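Single-letter residue listing:
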Amino acid sequence: MSNVNITQLFTQAAQEVNGKKLEGLTKDTVIAKLGLDSVAIMELISYFEEKLSIRLPDEDLANVKTLGDLAAVVKTRLPAGSEVSF
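Everything numeric here is computed off the predicted structure, so don't read it as measured data.

Thresholds, definitions, all that
Each chain has its residues counted from 1, following the order in which its sequence is written. Local features are withheld for residues below a pLDDT of 70 in this predicted model, meaning they are given only at 70 or higher, and side-chain atom pairs are given and counted only at 80 or more; totals for whole chains, interfaces and linings count all residues. The basis for every side-chain value is the complete set of non-hydrogen atoms in the structure, without hydrogens or water. Working definition: helices are DSSP H or I runs of at least four residues, strands are E runs of at least two. Numbering for both runs from the N terminus. Helices are assigned an expected span. That span is 1.5 Å times one less than the residue count. Exposure classes here rest on a 1.4 Å probe applied to the protein chains alone. A residue is buried below 20% of its type maximum, exposed above 50%, and partly exposed in between. Here the arc refers to the directions that run from the helix axis out to each C-beta atom. When checking whether two residues touch, look at their non-hydrogen atoms; a contact exists if any pair is within 4.5 Å. Here an angle of 0 to 180 degrees is reported between the N-to-C directions of two axes, which are lines fitted to C-alpha atoms, with helices fitted over the stretch in contact. Angular relationships are summarised with four words: roughly parallel below 35 degrees, roughly antiparallel beyond 145, roughly perpendicular across 65 to 115, and oblique for the angles in between. Here a crossing is called left-handed whenever its near helix is offset anticlockwise from the far helix by less than a right angle, and right-handed whenever the offset is clockwise. Under this grouping Gly is polar, as are all residues other than the nonpolar Ala, Val, Leu, Ile, Met, Phe, Trp, Tyr, Cys and Pro and the charged Asp, Glu, Lys and Arg. Pairing of N or O atoms within 3.5 Å defines a polar contact, subject to two protein rules: one partner must be a possible hydrogen donor and the other a possible acceptor, and residues neighboring in sequence count only if both atoms are side-chain atoms.

**Quick look at helix H1 (residues 6-18)**
Taking 1.5 Å per residue, 13 residues should reach 18 Å; H1 reaches 17 Å between its end C-alpha atoms and fits that length. The set of residues buried in H1 consists of Ile-6, Thr-7, Leu-9, Phe-10, Ala-13 and Ala-14. Each buried residue of H1 sits inside an arc of 160° when the element is viewed along its axis, so together they form one side. The secondary structure elements touched by the buried residues of H1 are strand E1 (3-5), helix H2 (38-52), helix H4 (67-77) and strand E2 (83-85).

Structure representation (structure tokens):
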């Protein structure tokens, strides 16, 4: 996958996993303020792993607060040359 749009993927994941429609997400969006419980967050991470064919270890996710933080972690797990956008 050459370009991953984090906000688009996160929006799709929230809709599919939690039935939650999220709008206006940016790289500075604080994930904890989106009204998702811990189970939903875990399901969102699984969604990312499945769709992108990557593994996101818990230790890499420990400091993720915003979508920008999530994008940085995802980028480290994607094949070389892949881009992450918002």
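**Comments concerning the environment of Gly-81**
Mapped onto the secondary structure, Gly-81 falls in the loop between H4 and E2. For Gly-81, a relative accessible area of 65% puts it in the exposed group.

**Topic: the packing of H1 against H2**
For any two helices packed against each other, one specifies the crossing angle of their axes together with the interaxial distance. Following both chains from N to C, one finds H1 and H2 inclined at 120°, their axes separated by 9 Å at the closest point. Comparing their axes, H2 and H1 come out oblique. Regarding H1 and H2, the two cross each other, and that crossing is right-handed. Contact residues: Ile-6, Leu-9, Phe-10, Gln-12, Ala-13, Ala-14, Glu-16, Val-17 and Asn-18 in H1; Ala-40, Glu-43, Leu-44, Tyr-47, Phe-48, Lys-51 and Leu-52 in H2. When its residues are assigned to classes, the contact of H1 with H2 shows eleven nonpolar, two polar and three charged.

**A closer look at H2**
With 15 residues, H2 extends 21 Å from end C-alpha to end C-alpha; this agrees with the ideal 21 Å at 1.5 Å per step. Within H2 the residues assigned to the buried category are Ala-40, Leu-44, Ile-45, Tyr-47, Phe-48, Glu-49 and Leu-52. Among the structural elements, E1, H1, helix H3 (58-61) and H4 are those in contact with the buried residues of H2. Where H2 begins, the capping side chain belongs to Asp-37, and its oxygen is found 3.2 Å from the backbone nitrogen of Val-39. In the segment just after H2, Ser-53 is the residue with positive phi, at about 55°.

**As for the side chain of Ser-82**
Within the secondary structure, Ser-82 is located in the loop between H4 and E2. Classification of Ser-82 as buried rests on a relative accessible area of 5%.

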